[in-house]
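Architecture at a glance
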Amino acid sequence: MSRAFYNLNSENRWVFIRTDSLAALFSASLGAYLVYSGSATASDTGFSLSMAVGFSSYILYAVRMFNEFEVSGNSLERIQQYMEIEQEEKPTENGVPPAYWPASGDLKVEKLSARYSSDGPRVLENVSFEVKSGERVGIVGRTGSGKSSLTLALLRCILTEGRVYYDGLPTDQINLDALRSSVTIIPQVPELLSGTLRQNLDPFGQYDDAVLNDALRSAGLFSLQNDSDESRITLDSQIASGGSNLSVGQRQILALARAILRQSKLLILDEATSAIDYATDAVIQASLRREMVRGVTVLTVAHRLQTVMDADKIMVLDAGRIVEFGKPTELLENKNGMLRALVEESGDKASLLAMAAGHGAQSSV
Ligand SMILES: Nc1ncnc2c1ncn2[C@@H]1O[C@H](COP(=O)(O)OP(=O)(O)OP(=O)(O)O)[C@@H](O)[C@H]1O
């Protein structure tokens, strides 16, 4: 802010120096002409010079006004840009799903393509896959491969073509409010509002404290803190704006508690890129497993392969397409496969292979 103001001020000074110099040059030239040409009387010369000096200051004033008008014009332009932003269609009565929906976390995606703007390139290309209720799917791929875009496309936050069926209903026929309130996304850094933890979990006051505490317990918050701990978090704890007085791991646990309260059958977790300590990560993973037992489908966008190596299935994306989708052990058998290549590059190959093998053995028991 100060740097921008410093630049603005310096440029203003530069404009003034130039207009002042021009004005001085103009007055001096006029004075020289009037004195040396000898054609003007003393009174005319005095009058012309005083007008010339005044005229210069008017020019300076005009330049300054034009300058300020241009700067204010930028703000007007910005307001106009906001007014012209394309709006999402309004939710209609027609798209309200039946009360029992969603009863399961079944997800079927058929030829889903997506783009960020109507004239932009496709960031997802004919993506098709199926996930059964209660499965945990890891989504991996190099940066820019379309992992986050896929999660946005599932919620129709960007322009999509193709079909997504969530618990048997095509999502393009469900109104956006209903769709988005039945799917929960836990972003990399969950947003929290300033207020108590209770207000953050239940902004509309729909649940009593016992239910809220149960959700916090299921999300794993209480297993991370002792009763005797003075700084332990309770429903009455004050949360600072944006949740800045909590760690990223604690914020993800609170977001998970919100998901549990909402009883969503589809949970999308965008794994935090900043490191979460091992204990918090283990608590989040354990809570997710408990949720899956209740039939909640969990899609995890993974930035570290460790988080998803024991998933039921792994989806590997590359340039907006699914290049591999299946059980980790099966994908790893393909020596030329993309998952195998990512594991080889990771520098932690042995433990990743052991994790996948361990889970493969468990699921086949
Ligand atoms: N807001 C946006 N507007 C236009 N294009 C975007 C936008 N966000 C992402 N993209 C493009 O979409 C493509 C996929 O990006 P996306 O963020 O989904 O990848 P990603 O796999 O999640 O990457 P990362 O691991 O870095 O988060 C990229 O080519 C990217 O440039």
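What you see is a predicted model; the values in this text were computed from it and never measured. (Residues numbered from 1 in each chain as written. Predicted model: local features only at pLDDT ≥ 70, side-chain atom pairs only at ≥ 80, totals over all residues.)

1. Notes on the site of the ligand
Our working rule: As used in this record, a residue near a molecule or strand is one whose C-beta atom, placed from the backbone, is within 6 Å of it. Helical segments are the DSSP runs of H or I of at least four residues, strand segments are the runs of E of at least two, and each set is numbered from the N terminus.
Taken together, Y116, G120, V123, G141, T143, G144, S145, G146, K147, S148 and S149 make up the full set of residues near the ligand. With three residues, the single largest contributor to the shell around the ligand is helix α3 (residues 147-154).

2. Re the confidence of the model for the chain
Rule in force here: Known as pLDDT, the predictor's confidence for each residue is given on a scale from 0 to 100.
Summing up the model confidence of the chain, the mean pLDDT is 87 and the portion of residues at 70 or higher is 95%. The weakest mean pLDDT in the chain belongs to helix α11 (residues 349-364) at 72; the strongest belongs to strand β1 (residues 107-115) at 96. Across the predicted assembly, pTM comes out at 0.75 and ipTM at 0.96.

3. Remarks on the sheet that holds strand β5 (residues 169-170)
Put simply, the rule reads: Two strands qualify as a pair provided DSSP detects at least 2 bridges between them. C-beta atoms are placed from the backbone for every residue, and two residues are taken to be in contact when these atoms lie within 7 Å. Only the stretch in contact is used when a helix axis is fitted, and all axes are lines through C-alpha atoms; the angle between N-to-C directions ranges over 0 to 180 degrees.
Spatially, the four strands line up as an open sheet ordered β2-β1-β4-β5, and their pairing is antiparallel. Where the open sheet ends on each side, the last strands, each with one partner, are β2 (122-131) and β5. Together, β1, β2 and β4 (159-166) form the strand contacts of α3, whose direction differs from that of β2 by roughly 70°.

4. Some details on the sheet that holds strand β3 (residues 136-141)
Strands sit in the order β6-β9-β10-β3-β11-β12 across an open sheet of six strands; the sheet is mixed. Where the open sheet ends on each side, the last strands, each with one partner, are β6 (183-186) and β12 (321-326). The mean inter-strand angle of the sheet, taken between neighbouring strand axes irrespective of direction, is 20°. Seen against the sheet, helix α7 (residues 248-262) touches β6 and β9 (266-270) and runs at an angle of roughly 175° to β6.

5. As for the environment of P190
Spelled out, the test is: Think of it as a crowd count around each C-beta: if 20 or more other C-beta atoms lie within 10 Å the residue is buried, if 12 or fewer it is exposed, and in between it is partly exposed, with C-beta placed from the backbone throughout.
Secondary-structure assignment places P190 in the loop between β6 and β7 (195-196). Judged by local crowding, P190 falls into the buried class, with 22 C-beta atoms found within 10 Å. Placed 58 residues apart in sequence, P190 and V248 show a C-alpha to C-alpha distance of 7.8 Å. Contact partners of P190, with chain neighbours within four places excluded, come to R251, Q252, L254 and A255.

6. Thoughts on the packing of helix α6 (residues 209-219) against α7
Angle between the axes and distance between the axes: these two values describe a pair of packed helices. Stated precisely, the cut-off is as follows: Convention used here: angles under 35 degrees read as roughly parallel, angles over 145 as roughly antiparallel, angles from 65 to 115 as roughly perpendicular, and any remaining angle as oblique. Take the far helix as the reference: if the near one is turned anticlockwise from it by less than a right angle, the crossing is left-handed, and if turned clockwise, right-handed. Residues are grouped as follows: Ala, Val, Leu, Ile, Met, Phe, Trp, Tyr, Cys and Pro are nonpolar; Asp, Glu, Lys and Arg are charged; every other residue, Gly included, is polar.
Their axes nearest at 8 Å, the elements α6 and α7 cross at an angle of 125°. Overall, the two elements α6 and α7 adopt an arrangement that is oblique. Our pair here, α6 against α7, has a crossing hand that is right-handed. Across the interface between the two elements, A215, L216, S218 and A219 of α6 pack against I253, L256, A257, I260 and L261 of α7. Here the contact of α6 with α7 is composed, by residue class, of eight nonpolar, one polar and no charged.

7. Section: the UniProt feature "transmembrane region" (unreviewed entry) in the chain
As a reminder of what qualifies: UniProt positions are given in the numbering used here, feature names are shortened, and annotations may be inferred rather than shown by experiment.
As recorded in UniProt, the feature "transmembrane region" (unreviewed entry) lies at residues 21-39. As annotated, residues 21-39 has a helix share of 89% and a strand share of 0%, and its two end C-alpha atoms lie 27 Å apart.

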